[in-house]
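Single-letter residue listing:
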Amino acid sequence: MTFTFRPLDPLRDAELLHRWVTHPKAAYWMMQDARLEDVERAYMEVAADPHQQALLGLRDGEPVFLMERYDPAHRELVGLYEPESGDVGMHFLVPATDTPVHGFTRAVITAVMAHLFEDPATRRVVVEPDVSNTAVHALNEAVGFVPHGEIDKPEKRALLSFCTREQFADSRGGRSLAARGVSV
């Protein structure tokens with residue numbers, strides 16, 4: 001599967017995002033009760049912040065997932081771990097669907113990681129999913145993440161995990177890209 005990325009437009013994309021983040025299967029996104037205005041406001045704040053960015057992942061020109069990147073030295077993880085030069089934080093959301101495609105979510109996280117590592121300044125990707133989100137832990141492992149330990153964030157108990165460029169390249173996800181001639 002091939003994906004492209006475009007910056008999220010907080011106003012133009014708000015209705016789509018609202019459907020995605022309020023769906024019961026997006027419970028870990030913690031926006032279940034958000035109103036459309038809340039989603040617009042949240043992503044306008046992201047767009048205005050130099051330390052974070054929201055992107056839509058597109059397949060055949062249609063939005064099929066959300067990706068957020070952030071600087072963990074300034075957002076999300078401030079004071080919860082010692083950031084290193086080249087650290088990039090990441091979140092991704094694949095919306096619920098009535099017609100799931102086998103391997104789709106793994107293809108998404110692989111594309112997200114490849115996109116992050118396209119920037120030569122990115123040395124390590126950092127994630128902090130809820131400790132109870134076992135499905136995302138398995139996906140993270142498939143692309144090379146190694147758990148560092150649990151941390152307490154204001155909104156959740158999280159599993160802090162890291163993935164270096166080398167770990168990604170050596171992972172199942174990175175090897176599948178290399179087999180298709182994509183460098184990581």
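Before going into details, it helps to say that this report is about the structure given with it. (Residues numbered from 1 in each chain as written. Predicted model: local features only at pLDDT ≥ 70, side-chain atom pairs only at ≥ 80, totals over all residues. Heavy atoms only, no water.)

In this structure, M90, F92, V112, M113 and F145 are the most contacted members of the largest nonpolar core, which totals 25 residues. Going through the elements one at a time, β3 (62-70), β4 (87-93), α3 (104-117), β5 (124-127) and α4 (134-142) are the ones with two or more residues in this core. The dominant element in this core, judged by the number of residues it contributes, is α3, at nine residues. Apart from residues no more than four positions distant in its own chain, M90 is found in contact with E68, Y70, I109, V112, M113, L116, V125, V126, V127, E128 and F145. Of all hydrophobic cores here, the second largest spans 17 residues; its members include A34, V39, A54 and L93. (Core = buried A, V, L, I, M, F, W, Y, C linked by side-chain atoms within 4.5 Å. Buried < 20%, exposed > 50% of the residue type's maximum accessible area, 1.4 Å probe, protein only. Helix = DSSP H or I, 4+ residues; strand = E, 2+ residues; numbered from the N terminus. Contact = heavy atoms within 4.5 Å.)

Examined bridge by bridge, strand β1 (residues 4-7) and strand β2 (residues 52-59) share four bridges and lie antiparallel to one another. Paired with R6 across the bridge in β2 is L56. Inspection of the sheet shows β2 paired to β3 by eight bridges, in the antiparallel sense. If you follow Q53 over to β3, its bridge partner there is R69. Linking two consecutive strands that pair antiparallel, namely β2 and β3, is a turn of two residues; a positive phi of about 55° is found at D60 within it. (Pairing = 2+ DSSP bridges.)

With a phi angle near 60°, M30 is a residue other than glycine that sits in the positive phi range. Along the chain, M30 falls in the loop between α1 (14-22) and α2 (36-48). Residue classification places M30 among the partly exposed residues on the basis of a relative accessible area of 43%. The phi dihedral of E76 is positive, around 65°, even though this residue is not glycine. Looking at the secondary structure, you find E76 in the loop between β3 and β4. Here E76 falls in the partly exposed class, since its relative accessible area comes to 35%.

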